[in-house]
Amino acid sequence: MDNRKWLWLAAIGAAAMIVVVVSVMALRGGEAMAADDVEQKLLNMYGGEVQEIVQDGDLYRVTLERIDGIFEAVVDSDGGAIISMEKTGSVDPIPEADMKVKIAEQYGTEPSAIALKDNIYSATVEEETRTTEAEYDAVTGEQIKESVTEKEPAAPPAKEETPPAQEAPKTSVRLTPSEAASIALKEVAGELDDDIDFEETQDGGYYIVQVETADDREADIQIHAITGKILTVSWDD
């Protein structure tokens, strides 16, 4: 009887122990998370880059670097609950000159404008046919945004109209006395008088050429000094 009582009490004690263990396991969330799983959980939640992860008993201590600083996270290994997240330092951005070189390597030309704000570089790149607006993580140099705008084709330059060529003003060339004499002889055959007179007028003047014919008649021939036109022929009997 005493042995059965003792066995009964032992069974009750074992059952109670099992309940306690199960309760503790339920509260702890089951098996401890692997370091890789903790790292992935932090990255999904906060982004950045995990620099170091160390297990300290039931906790993971994680160093996380983001564009806004360096953080130390404490994570419960059972269930992955984040116990604390504390900023412990700042991150220096890539120098602007180095960032320009990186952008020039990407696009083949340096940015026409670049600015740094909240550890993000904003850059404008002008190319022949398009304009690119890009943003970069100032700490890692990774491109996080790009917007491209195509440029309108440049209009061909307006063709300048060439004014019509103007004719050079004609210069009025006066006939020589000998030229006037030749014209007179074509009009009236004969011999020339030695005197050839010239009279000045507003329209260029005229010559008076005297020609004596074979029948002893004499003609006074008036010839325009510019055009060579016969103006008048008068005879002296």
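Scroll up for the structure.
Residues numbered from 1 in each chain as written. Predicted model: local features only at pLDDT ≥ 70, side-chain atom pairs only at ≥ 80, totals over all residues. Heavy atoms only, no water.

Q: Looking at this structure, I do not really get the overall build of the protein. What am I missing?
A: Each helix and strand in the protein was counted, giving four helices and twelve strands. Counting the 237 residues in the protein, one finds 23% classified as buried. Intrachain contacts of the protein at a sequence separation of at least 6 include 29% that bridge at least 24 residues. Counting only carbon and sulfur atoms, one obtains 51% of the accessible surface of the protein, whose full area is about 16700 Å². (Helix = DSSP H or I, 4+ residues; strand = E, 2+ residues; numbered from the N terminus. Buried < 20%, exposed > 50% of the residue type's maximum accessible area, 1.4 Å probe, protein only. Contact = heavy atoms within 4.5 Å. Areas by Shrake-Rupley, 256 points an atom, 1.4 Å probe, with all protein chains shown as cover.)

Q: How do you make sense of the environment of Ser 77 when you look at a structure like this?
A: Structurally, the position occupied by Ser 77 is in the loop between β3 (69-76) and β4 (82-89). Taking C-alpha positions, Ser 77 is 8.4 Å from Gly 57, a pair spaced 20 residues apart along the chain. Separated by 2.7 Å, the side chain of Ser 77 and the backbone oxygen of Asp 58 make a polar contact. (Polar contact = N/O pair within 3.5 Å; in protein donor to acceptor, adjacent residues only side chain to side chain.)

Q: Is there a simple way to think about the pairing of strand β5 (residues 113-117) in this case?
A: The side chains of a regular strand alternate, residue by residue, between the two faces of the sheet. Across five bridges, β5 lies against strand β6 (residues 120-126) in antiparallel orientation. If you follow Leu 116 over to β6, its bridge partner there is Tyr 121. (Pairing = 2+ DSSP bridges.)

Q: Just checking my understanding: could you explain the sheet that holds strand β8 (residues 143-150) for this structure?
A: Strands pair in a sheet through their backbones, by hydrogen bonds, and they do so in one of two ways: parallel or antiparallel. Strand order in the open sheet formed by four strands is β5-β6-β7-β8, and the pairing between neighbours is antiparallel. Each of the sheet's edge strands pairs with one partner strand only, and the pair in question is β5 and β8. For this sheet, the mean inter-axis angle between neighbouring strands, taken without regard to orientation, is 10 degrees. As paired strands, β6 and strand β7 (residues 130-137) are joined by seven bridges and run antiparallel to one another. Looking at β7, one finds that Val 125 is bridged to Thr 132. Running at roughly 130 degrees to β7, helix α3 (residues 96-107) makes contact with β5, β6, β7 and β8 of the sheet. (Axes fitted to C-alpha atoms, helices over the stretch in contact; angles between N-to-C directions.)

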